[in-house]
Amino acid sequence: MDQSKEQRILNSVSYNAIKGDAESVLDCIDKYCSQKEWAMNVGDEKGLILDKIVKEADPTVALELGTYCGYSAVRIARLLKPSAHLFSIEFNAEFVPIAKEIIEIAGLEDKVTILEGHAQDIIPQLKTKYNVDTLDFVFLDHWKDRYAPDTILLEQYGLLRKGSILLADNIGFPGAPDFLKHVRNNEHYECTHYPSHLEYMKAPDAMEKAVYLG
Ligand SMILES: O=C(CSCCNC(=O)c1cc(-c2ccc(F)cc2)cc(O)c1O)c1ccc(O)c(O)c1
Ligand SMILES: [Mg+2]
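Below is a summary of the structure that appears in this document. Note that the structure is a prediction, hence the values are computed from the model and not measured. (Residues numbered from 1 in each chain as written. Chains lettered and ligands numbered in written order. Predicted model: local features only at pLDDT ≥ 70, side-chain atom pairs only at ≥ 80, totals over all residues. Heavy atoms only, no water.)

1. Quick notes on the overall build of the protein chain
Operational definition: Counting from the N terminus, the helices are the DSSP runs of H or I reaching at least four residues and the strands are the DSSP runs of E reaching at least two. Two things to know: the radius of gyration comes from C-alpha atoms, and the globule rule equals 2.2 Å times the number of residues to the power 0.38. Partly exposed describes any residue whose relative accessible area lies between the buried limit of under 20% and the exposed limit of over 50%, with all areas from a 1.4 Å probe on protein chains only and scaled to the type maximum. We call two residues contacting when some pair of their heavy atoms lies within 4.5 Å. In short, Shrake-Rupley with a 1.4 Å probe defines the accessible areas, and a residue's cover is counted only from the protein chains shown.
Assigned secondary structure in the protein chain consists of 10 helices and 7 strands. Computed over the C-alpha atoms, the radius of gyration of the protein chain is 16 Å, within 12% of the 17 Å expected from 2.2 N^0.38 for a compact globule of 214 residues. For the protein chain, buried positions account for 57% of its 214 residues. Long-range pairs, those at least 24 residues apart, make up 73% of the contacts in the protein chain between residues at least 6 apart in sequence. Of the roughly 9900 Å² of accessible surface on the protein chain, 52% is carried by carbon and sulfur atoms.

2. Re the site of ligand 1
Threshold: Any residue with a heavy atom lying within 4 Å of a molecule or strand is counted as near it. In the analysis that follows, any N or O atom pair within 3.5 Å is treated as a polar contact, provided that within protein one partner can donate a hydrogen and the other can accept it, and provided that, for residues neighboring in sequence, both atoms belong to side chains. Only protein atoms enter the 1 Å grid used here. Points where a 1.4 Å probe fits but cannot escape make up a cavity, open sets with protein on both sides within 12 Å along at least five of seven lines make up a pocket, and a residue lines them when an atom lies within 4 Å of a point. Whether a molecule sits in a cavity or pocket is decided by its atoms, more than half of which must lie within 2 Å of the grid points.
Around ligand 1, the structure places 20 residues, and the nearest of them are Ala 119, Asp 141, Lys 144, Asn 170 and Glu 199. At 2.9 Å, a side-chain N or O of Lys 144 approaches an oxygen atom of ligand 1. Asn 170 places a polar side-chain atom, nitrogen or oxygen, 2.7 Å from an oxygen atom of ligand 1. About the coverage of ligand 1: the protein hides 81% of its 690 Å² of free accessible area. The pocket occupied by ligand 1, as judged from atoms lying within 2 Å of grid points, is the largest pocket. Those elements that provide at least two residues to the shell around ligand 1 are strand 2 (85–90), helix 6 (119–122) and helix 9 (171–175).

3. Describing the pairing of strand 7 (residues 204–212)
Successive side chains on a regular strand alternate, one facing one side of the sheet and the next facing the other. The line we're drawing: Whether two strands pair comes down to DSSP finding at least two bridges between them.
For strand 7, the buried fraction is high: 8 of the 9 residues fall into the buried class. Two elements, strand 6 (residues 189–197) and strand 7, share 9 bridges in a ladder whose sense is antiparallel. Paired with Tyr 189 across the bridge in strand 7 is Tyr 212. What sits between strand 6 and strand 7 in their antiparallel hairpin is a turn of 6 residues, with Tyr 200 showing a positive phi close to 65 degrees.

4. Description of the coordination of the magnesium ion (ligand 2)
Here is the rule we go by: Metal coordination here is assigned from N, O and S atoms located within 2.8 Å of the ion, or within 3.2 Å for Na, K and Ca; omission of water means that sites may look incomplete.
Surrounding the magnesium ion (ligand 2) are the protein donor atoms Asp 141 (OD), Asp 169 (OD) and Asn 170 (OD1), which sit 2.0 to 2.2 Å from the metal. Positions of the donor residues of the magnesium ion (ligand 2), expressed as sequence spacing, correspond to D-x27-D-N. Here the residue Asp 141 occupies a position in the loop between strand 4 (135–140) and helix 8 (147–156), and Asp 169 occupies one in the loop between strand 5 (160–168) and helix 9, the gap between them amounting to 28 residues. For the residue pair Asp 141 and Asp 169, the accessibility class agrees, reading buried in each case.

5. Focus: the packing of aromatic side chains
Selection criterion: Aromatic rings from Phe, Tyr and Trp, taking only the six-membered ring of Trp, are treated as a pair when their centres fall within 6.5 Å; an angle between ring planes under 30 degrees marks them as stacked, one over 60 as edge-to-face, and anything in between as tilted.
Applying the stated rule across the entire model yields 5 aromatic pairs. Taken together, a centroid distance of 4.8 Å and an interplanar angle of 85 degrees make the contact between Tyr 68 and Phe 95 edge-to-face. A residue pair is termed long-range when its members are at least 10 positions apart, and Tyr 68 in the loop between strand 1 (61–65) and helix 4 (71–77) and Phe 95 in helix 5 (residues 95–105) qualify at 27 residues. Taken as a pair, Tyr 68 and Phe 95 share a single burial class, namely buried. With a centroid separation of 5.8 Å and 90 degrees between ring planes, the pair formed by Tyr 147 and Phe 179 is classed as edge-to-face.

6. Side note on the nonpolar core
The test is simple: Throughout, nonpolar core names a set of buried Ala, Val, Leu, Ile, Met, Phe, Trp, Tyr and Cys residues whose side chains join them through atoms within 4.5 Å.
Counting 48 residues, the largest nonpolar core has Ile 29, Ile 102 and Phe 137 as the members making the most contacts within it. Not counting residues within four places of it along the chain, the set of residues in contact with Ile 102 comprises Ile 9, Leu 10, Val 13, Val 25, Ile 29, Cys 69 and Val 74. The next biggest cluster of nonpolar side chains, apart from the first, holds 30 residues, and it includes Val 61, Leu 65, Leu 140 and Tyr 147.

7. Regarding helix 8
All of the buried residues along helix 8 are Tyr 147, Ala 148, Asp 150, Thr 151, Leu 153 and Leu 154. On its buried face, helix 8 is in contact with strand 1, helix 6, strand 4, strand 5, helix 10 (177–183) and strand 6. Immediately downstream of helix 8, the backbone of Gly 158 shows phi near 65 degrees, a positive value.

Here it is as structure tokens:
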């Protein structure tokens, strides 16, 4: 059977990246997806915004919604302090083993736990099953119409604390209007908008940072 695009991305990383070197894994994926096959990684341009916010948050416990091939998990985990950990939720069973291998090639397998399933099913288990107290940083990059309901779940399950930082991808395209409606003009959030471009394209996109105020 023909290989999937995600398998071809893994092949490229496995062949071209330097084992244990997260930067070389990111560069390899960005090169492949800008020159060979487009894929929905956050990419190099929006990746710099992600880096900035992760450094600002300096999280001990981070959550990512939407692992895909693990590009943003590598991007986040490479910046985490020794005691910190990233949980990444992915529902597509085909993507999970590919992301695991890419994270392992980056040498970050001890920093990242991939949880397979739907965010709405896993978020309610984070405290009880995964021993999470509260989340310091959340990167939203899964189905765009799930950003708002899953943010509300995070609130309802007491997973956000004063200062928790949410960063959402694709606010420009495909767009997440319900999420913006929830966090903007909401006394519990302080929002910042970061205009950018769709990964590997000239089309406009944006990210939104929403700091939970308690
Ligand atoms: O991961 C998923 C669903 S697929 C990935 C979502 N991401 C996108 O759809 C996505 C799409 C585009 C894009 C697509 C077509 C275009 F023409 C242009 C742009 C760009 C992005 O940056 C994206 O992130 C998940 C679902 C449920 C869960 O509960 C869970 O935990 C995870
Ligand atoms: Mg995205």
